Amino acid sequence: MGPTKVLWFSTKGKHLKLNSSILAWYEKKINKNPQQYTTLRLDNISTDDASTTDLLLFLNNHPQLTDFTYSNRKTLPTCSVLRCVATSARYITGIYIDMSNIPKKVGLDLMACLALPKCPVTSLHFCSVRMGVIVVRNLVAFIRTTTRLTSFMFRYCKSIPLEEARAMLDAIEANTSIESLIVSHSDIAEGRKRRFVYAALSNPKLTSFVFSSDSNTYCDLDFPRIQPTLKKLTLCVPLPKHAWKLLARVLKVTTTLTHVNLSGCCLGSEGVTAMLDAFRGDSTIESIELSCNNGYTIPDTLTALIVTAPSLVKLGTELSRSAWYYHRQTINEFKDAVRNHSNLTYLGYDHEIETFKCTKYLERNKHNRKRKGPTLFDIMIDRCYHHLIK
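Here's a quick rundown of the structure. Just so it is clear, the structure is predicted and the values come from calculations on it, not from any experiment.

Analysis parameters
- Residues numbered from 1 in each chain as written.
- Predicted model: local features only at pLDDT ≥ 70, side-chain atom pairs only at ≥ 80, totals over all residues.
- Heavy atoms only, no water.
- Helix = DSSP H or I, 4+ residues; strand = E, 2+ residues; numbered from the N terminus.
- Buried < 20%, exposed > 50% of the residue type's maximum accessible area, 1.4 Å probe, protein only.
- Contact = heavy atoms within 4.5 Å.
- Areas by Shrake-Rupley, 256 points an atom, 1.4 Å probe, with all protein chains shown as cover.
- Phe/Tyr/Trp six-rings, centres within 6.5 Å; stacked < 30°, edge-to-face > 60°.
- Pairing = 2+ DSSP bridges.
- Disulfide = S-S within 2.5 Å.
- Polar contact = N/O pair within 3.5 Å; in protein donor to acceptor, adjacent residues only side chain to side chain.
- Axes fitted to C-alpha atoms, helices over the stretch in contact; angles between N-to-C directions.
- Parallel < 35°, antiparallel > 145°, perpendicular 65-115°, else oblique.
- Left-handed = near helix turned anticlockwise from the far one by under 90°.
- Nonpolar A, V, L, I, M, F, W, Y, C, P; charged D, E, K, R; others polar.

1. Observations regarding the overall build of the chain
Thought 1: Helix and strand counts for the chain stand at twelve helices and 18 strands.
Thought 2: The buried share of the chain, reckoned over its 390 residues, is 49%.
Thought 3: Restricting to contacts in the chain with at least 6 residues of sequence separation, those with at least 24 account for 76%.
Thought 4: Carbon together with sulfur atoms contributes 53% to the accessible area of the chain, which is approximately 18,000 Å² in total.

2. Comments concerning the environment of K193
Thought 1: Here K193 lies in helix α7 (residues 190-201).
Thought 2: The class of K193 is buried, set by a relative accessible area of 7%.
Thought 3: Remark: the alpha-carbon pair of K193 and D222, spanning 29 residues in sequence, is separated by 9.5 Å.

3. Some details on the packing of aromatic side chains
Thought 1: If you walk through the whole model with that rule in mind, you get nine aromatic pairs.
Thought 2: Between F9 and W25, the aromatic rings sit 5.2 Å apart at their centres with planes inclined by 75°, giving edge-to-face as the arrangement. Taken together, the residues F9 in the loop between β1 (5-8) and β2 (16-17) and W25 in helix α1 (residues 20-32) connect sequence positions 16 residues apart.
Thought 3: Looking at W25, the relative accessible area reads 28%, which means it is partly exposed.
Thought 4: Measuring from ring centre to ring centre gives 6.4 Å for F152 and F154, while their planes differ by 10°; the resulting arrangement is stacked.

4. Focus on the pairing of strand β5 (residues 67-71)
Thought 1: Among the five residues that make up β5, five are buried, leaving the element largely enclosed by the rest of the structure.
Thought 2: Here β5 shows two buried faces, one formed by D67, T69 and S71 and the other by F68 and Y70.
Thought 3: In this sheet, β5 lies alongside strand β3 (residues 37-43) in parallel orientation, the contact comprising five bridges. Counterpart to T39 in the pairing with β5 is D67.
Thought 4: Summarising the sheet, β5 and strand β6 (residues 94-98) pair through five bridges and their orientation is parallel. When the sheet's bridge partners are listed, S71 is paired in β6 with D98.

5. Description of the state of the cysteines
Thought 1: In this structure the tally under the stated criterion is zero disulfides.
Thought 2: For the unlinked cysteine C265, the closest cysteine sulfur is that of C236, found at 5.9 Å.

6. A word on the pairing of strand β10 (residues 151-155)
Thought 1: When you tally the buried positions in β10, you get four out of five residues, the bulk of the element.
Thought 2: Inspection of the sheet shows strand β8 (residues 123-127) paired to β10 by five bridges, in the parallel sense. The partner of H125 across the bridge, within β10, is M153.

7. Overview of the environment of R148
Thought 1: As for its placement among the helices and strands, R148 is situated in the loop between α5 (133-145) and β10.
Thought 2: R148 sits in the partly exposed class, given a relative accessible area of 25%.
Thought 3: For the pair R148 and P120, spaced 28 residues apart in sequence, the C-alpha to C-alpha distance is 8.5 Å.
Thought 4: Dropping the residues within four chain positions of it, R148 is found in contact with L114, A115, L116, P117, C119, V121, T122 and S177.
Thought 5: At 2.5 Å, the side chain of R148 forms a polar contact with the backbone oxygen of L114.

8. What about the packing of α5 against helix α6 (residues 162-174)?
Each pair of packed helices gets described by two things: the angle between the helix axes and the distance between those axes.
Thought 1: At a minimum axis separation of 8 Å, α5 and α6 run at an interaxial angle of 15°. Between α5 and α6, the angle is such that the two are roughly parallel. For α5 against α6, the interelement crossing comes out left-handed. In this structure, α5 uses V133, V136, R137, L139, V140, I143 and R144 to contact α6, whose residues at the interface are E164, A167, M168, D170, A171, I172 and A174.
Thought 2: Partitioning the contact of α5 with α6 into residue classes produces ten nonpolar, no polar and four charged.

9. Things to note about the packing of helix α3 (residues 81-88) against helix α4 (residues 104-114)
Thought 1: The contact between α3 and α4 brings their axes to 9 Å, and the two run at 5°. On the basis of the axis angle, α3 is roughly parallel to α4. Touching L82, R83, A86 and T87 of α3 are D109, L110, C113 and L114, all from α4.
Thought 2: Classifying every residue of the contact of α3 with α4 by side-chain character gives five nonpolar, one polar and two charged.

Here's what the structure looks like:
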């Protein structure tokens, strides 16, 4: 049984107070599988002084819980559990705040606690969070000066004024300790986005970078030579043709990336094919995600990539309807390339068949690889082929 990672009590949409029954449920779950969980999540559960003390005791008794996630669609109470966790939870190194309204006092207290020398927090994530200008300015000052922060996320915080959002990007660029970075903000001007992405990809300490925008306008990004320390790259922004051509040239000479996600970049069929060609012969790439790009590829391109990328585990892309009208030999070569690949486990397939979900992965039955019978992949290929020729 794989790791569950998140220890989460479902309130079924209701707002509850943390009590002994919920803590007893947490204790029972974690004692049943002590090594299954690394994150404790409080979702729509409020606390008071007494329950916060009990929660800290629980956290300090379970060193495997290193991350704490708090989500409360109502405004956080004045007696916030975040301040106590940041200062008194000995093993918590990551704080994640999701879909919450942070009032001024709670936010300033949290920033003050994070700035303390004894604070063990090295990961700080904000997602869909509302906070005032003063809190944002204190957060910017903390990011600019801290040397302990290694992971930072700032996503969908649309209530942040534009001037403060720009200051946030400046602070992130000035920080020299962040190794994992996730940023999503649609209101930043195109020129500022270009400079930020260029600076992030030039950062020699960054190992994982995610940049996305829910804006439908094209973003003319510039791409430097990717640093060898960067292992995971995710870009989910519409790119014009000359931008993705530049990115394809950069990726072609990069041999250290293990995970690349370019879904939702409006690449079109030509761009998807160019990106797949860029990874041909790459021995380190493990995951490529190119779905939701308003374009398709052909079996020949996929076959050439799969044969020359021995470490590939996950490949997310779509085949067009016309792909199934290719010569049967071409389809068989594609099937053989997948069947003979020792690591490829997840493969995206034609979303026109599964219209309810744009991208879906099929986990292949590895036990059938040693048999002469058809694999799940064979069944999927034949089912799609016969479905499309009707």
